[in-house]
Amino acid sequence: MDITKITAKFKELYGAEGAVYAAPGRINLIGEHTDYNGGFVLPGAIDKAIYCVIKPNGTAKVRAYAPDENPQVVSLNSEFGLEESDKPKDRWAQYIFGVCREMSKKGAKIPGFDILISGEVPLGAGMSSSAALESCVGFALNDTFGLGFDKLQLALIGQATEHNYVGVKCGIMDQFASCFGKEGSLVRLDCRSLEYEYFPFDPKGYKLVLINTCVTHMLGGEYNERRESCERVVAAIAKKHPEVALLRDANPDMLKEVSNNVSAVDYIRAEFVIEEIQRLLDTCELLKKGDYEAAGRKMYETHTGLSLKYTVSCPELDFLNEKAKECGVAGSRVMGGGFGGCTINLVKDELYDAFIKSATEAYEKAFNIKPLVYDVVIKDGARKLA
Ligand code: GLA
């Protein structure tokens, strides 16, 4: 990102210099759709971020500008107040508004400000551009106005923004990774207790690479439905086992006991989640031993589960997953919420070039879409730049 460009644009628009903040997108090695079930996840912040330039403007209004938006679809400017009834029309501005509102609900007094948003996290690619935006705005407001929130509160404010102002009942993984990310480490997060540990990740002899199907997803109804399935199964299990508050607390035997009380679809979704929580724990052990081939096989298992049981894959993602298998890639799977976006691939150095060439050429031929390739670089979380 060329910071001088965005700071110059900010000055041109608002006639003053602003402070610059960044918050990254994320990858997740394994542990998908486990966060809102109280399970574990293994994300890391990446070298692609959302940036903002910000300055108090002495009014009670927010003036926001997003140069990367498509002016044919939405307006690049948005001006809004900070009362609940002031919700702006454009979705990108609703994220800013939502973060302000969630902060106000926690007692923060937020005066008016000017803000410019720019980014390099691809939208709808499963790399959490929305969490990066929420974390960036949250971090910037917290610092600019001395609001005194800690990183966990900022992550929770981002998540609440999704729930209450965007309509996605997401878990905590994305916002947590964006706020807590650390260069060279994944974050092993227990989404029930919110305890976490940094998990150094430097797989010698392997590369981690994302291939973007360029089929974009907008998480919404289908995502929320998955969550509701899990909640229904928990309610059924809890009748006999009141200690079960989340699928994290359930085991395969408890699930079997309710097989006649829940729908077949709910059952198989819950089965995936229970398996995936265990799979993450097993994978962490394999990573500690440096057994990347076995850890990679777990990633394939996750893909199969996400595709056949949780049904959040799509033909394009399945195609790339098959290609990875054919090319001898150690591990490959759909990453993030699903329904499009990227596969994440753990590939031996010597197979990398041949895999990328063959997968991207075959994909383009099959779908007439040029896929995008990103080498994963694990970086720090939200921060002030200037
Ligand atoms: C999206 C959500 C996360 C998580 C993943 C799936 O990225 O925002 O909370 O549920 O999907 O693991």
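Quick caveat, the model's predicted, so the values are computed rather than measured.

**Q** I would appreciate a short explanation of the packing of aromatic side chains in the present structure.
**A** Two aromatic rings are characterised by how far apart their centres lie and by the angle between their planes. In this structure the tally under the stated criterion is 15 aromatic pairs. Residues F80 and F97 carry aromatic rings whose centres are separated by 5.9 Å and whose planes lie at 85° to one another, so their mutual orientation is edge-to-face. Here F97 lies in helix α2 (residues 91–105) and F80 lies in strand β5 (residues 77–80), a separation of 17 residues in the sequence. Overall, the relative accessible area of 3% leaves F80 in the buried class. Here F97 falls in the buried class, since its relative accessible area comes to 0%. Ring plane angle 5° and centroid distance 4.0 Å describe the contact between F176 and F180, whose orientation is recorded as stacked. Of the two residues, F176 and F180 both sit in helix α5 (residues 173–180), four residues apart, roughly one turn of that helix. Like F176, the residue F180 is buried in the burial classification. Members of the aromatic cluster, connected to one another through ring pairs, are F176, F180, Y196 and Y198. A cation sits over an aromatic face here: K207 above Y352, 5.6 Å from the ring centre.

**Q** It is not clear to me how the pattern of salt bridges should be interpreted in this structure. Could you clarify?
**A** Oppositely charged side chains are able to pair whenever their charged atoms sit close together. If you walk through the whole model with that rule in mind, you get 28 salt bridges. Measuring nitrogen to oxygen at the nearest pair gives 3.3 Å for the salt bridge that ties K11 to E17. Owing to a relative accessible area of 41%, K11 belongs among the partly exposed residues under this scheme. R63 is the partner of D114 in a salt bridge, and the nearest nitrogen-oxygen pair spans 2.8 Å. Placement of D114 in strand β6 (residues 113–119) and of R63 in strand β4 (residues 62–65) is noted, with a sequence separation of 51 residues between them.

**Q** Would you mind showing me how to read the site of the ligand here?
**A** Within the structure, the ligand sits among 13 residues, and E32, H33, D35, D174 and Y223 are positioned closest to it. Contact distances for the ligand include 2.7 Å between an oxygen atom and a side-chain N or O atom of E32. Within the contact set of the ligand, an oxygen atom lies 2.7 Å away from a side-chain nitrogen or oxygen of D174. Burial of the ligand by the surrounding chains reaches 96%, relative to a free accessible area of 310 Å². Placement of the ligand is best described as lying within the largest pocket. Residue classes in the shell around the ligand are distributed as five nonpolar, four polar and four charged. Mapped onto the domain boundaries, the shell around the ligand takes at least three residues apiece from domain 1 (3–201 + 379–384) and domain 2 (206–376).

**Q** Teacher, can you tell me more about the pairing of strand β7 (residues 185–190) here?
**A** Consecutive side chains of a regular strand alternate in pointing toward one face of the sheet and then the other. Within β7, six of the six residues are buried, leaving the element largely enclosed by the surrounding structure. Covered by surrounding structure in β7 are S185, V187 and L189 together with L186, R188 and D190, the residues of both alternating faces. Note: strand β2 (residues 40–41) against β7, two bridges, orientation antiparallel. Within β7, the residue paired with F40 across the bridge is D190. Relative to strand β8 (residues 196–200), β7 is paired through five bridges, and the arrangement is antiparallel.

**Q** What am I meant to see in the layout of surface pockets here?
**A** Here the idea is plain: a probe the size of a water molecule rolls over the atoms and shows the empty space left. Size it by volume and the largest pocket reaches roughly 920 Å³. Around the largest pocket, the lining is made up of 46 residues, and of these Y95, L123, G124, S129 and S130 lie nearest the centre. Of all the elements in the fold, those that place two or more residues in the lining of the largest pocket are α2, β6, α3 (129–144), α4 (151–166) and α5. With four residues, the top contributor of residues to the lining of the largest pocket is α3. Here the lining of the largest pocket is built from residues that sort into 22 nonpolar, 15 polar and nine charged.

**Q** Please clarify how the nonpolar core should be interpreted in this entry.
**A** For soluble globular proteins, the rule of thumb is that nonpolar side chains tend to be buried together. One finds I27, M103, I110, F113, I115 and L141 to be the most contacted residues of the largest nonpolar core, which totals 109 residues. No other element matches helix α8 (residues 264–288), which puts ten residues into this core. When residues of this core are assigned to domains, at least three map to each of domain 1 (3–201 + 379–384) and domain 2 (206–376). Listed in part, the 13 residues of the second largest apolar core include Y300, V329, I356 and Y363.

**Q** What should I look at first to understand the side chain of S313 in this one?
**A** Note on placement: S313 falls in the loop between α9 (292–309) and α10 (315–326). A distance of 2.7 Å separates a polar atom in the side chain of S313 from a polar atom in the side chain of D318.

**Q** Would you mind showing me how to read the packing of α8 against α9 here?
**A** The relative placement of two packed helices is expressed as an angle between their axes plus a distance between the axes. Two elements in contact, α8 and α9, have axes whose closest approach is 10 Å; the angle formed by their N-to-C orientations is 170°. With respect to α9, the axis of α8 lies roughly antiparallel. Listed contacts from α9 to I268, R269, E271, F272, E275, E276, R279, D282, T283, L286 and L287 of α8 are Y292, A294, A295, K298, E301, T302, G305, L306 and K309.

**Q** Just checking my understanding: could you explain the sheet that holds β6 for this structure?
**A** Sheets are built from strands paired through backbone hydrogen bonds, the pairs being either parallel or antiparallel. Taking strand neighbours across the sheet as the criterion, the six strands line up as β5-β4-β6-β3-β1-β13 in an open arrangement whose pairing is mixed. At either margin of the open sheet sits one strand with a lone partner, and together these are β5 and β13 (383–384). In terms of strand pairing, β4 meets β6 through four bridges, oriented parallel. Bridge pairing in β6 places V62 opposite F113. Of the strands in this sheet, β1 (19–28), β3 (43–56), β4 and β6 touch helix α1 (residues 3–14), which is tilted by about 150° from β6.

Analysis parameters
Counting starts from 1 at the beginning of each chain's written sequence and moves along it residue by residue. Thresholds applied to this predicted model are a pLDDT of at least 70 for local features of residues and 80 or more for the giving and counting of side-chain atom pairs; totals over whole chains, interfaces and linings are not thresholded and use all residues. Just so you know, side-chain values use all the structure's heavy atoms and leave hydrogens and water out. Under the pairing criterion, centres of Phe, Tyr and Trp rings, with the six-membered ring standing for Trp, must be within 6.5 Å; the plane angle then separates stacked pairs below 30 degrees from edge-to-face pairs above 60, leaving the rest tilted. The helix and strand labels rest on DSSP assignments: H or I over at least four residues marks a helix, E over at least two residues marks a strand, and numbering proceeds from the N terminus. Accessible area is worked out with a 1.4 Å probe on protein chains only. A residue is then buried under 20% of its type maximum, exposed over 50%, and partly exposed in between. Charge-over-ring placement is defined geometrically: NZ (Lys) or CZ (Arg) within 6 Å of the ring centre, and within 35 degrees of the ring normal. What makes a salt bridge here is a side-chain nitrogen of Lys or Arg within 4 Å of a carboxyl oxygen of Asp or Glu, nothing more. We call a residue near a molecule or strand when any one of its heavy atoms sits within 4 Å of it. In the analysis that follows, any N or O atom pair within 3.5 Å is treated as a polar contact, provided that within protein one partner can donate a hydrogen and the other can accept it, and provided that, for residues neighboring in sequence, both atoms belong to side chains. With residues, only the protein chains shown are counted as cover, and all accessible areas are computed by Shrake-Rupley using a 1.4 Å probe. Of the grid points, spaced at 1 Å and generated over the protein atoms alone, those admitting a 1.4 Å probe that cannot get out make up cavities, while open sets with protein on both sides within 12 Å along at least five of seven lines make up pockets; any residue with an atom within 4 Å of a point is treated as lining. The way we define it, a molecule is inside a pocket or cavity when more than half of its atoms are within 2 Å of that pocket's grid points. Here the nonpolar group is Ala, Val, Leu, Ile, Met, Phe, Trp, Tyr, Cys and Pro; Asp, Glu, Lys and Arg are the charged ones; every other residue, Gly included, is treated as polar. Residue ranges labeled as domains rest on an automatic or database domain assignment. Strands are labelled as partners when DSSP assigns at least two bridges between them. Grid points are joined across faces, edges and corners, and a volume is the space filled by probe spheres set on the points. The nonpolar core is taken to be a set of buried Ala, Val, Leu, Ile, Met, Phe, Trp, Tyr and Cys residues, with the residues joined through side-chain atoms within 4.5 Å. In this description, a line fitted to the C-alpha atoms serves as the axis of each element, helices being fitted only across the stretch in contact, and the angle between N-to-C directions of two axes falls anywhere from 0 to 180 degrees. Note that the term roughly parallel is reserved for angles under 35 degrees, roughly antiparallel for angles over 145, roughly perpendicular for angles of 65 to 115, and oblique for everything else. The contact criterion used throughout is that any non-hydrogen atoms of two residues lie within 4.5 Å.

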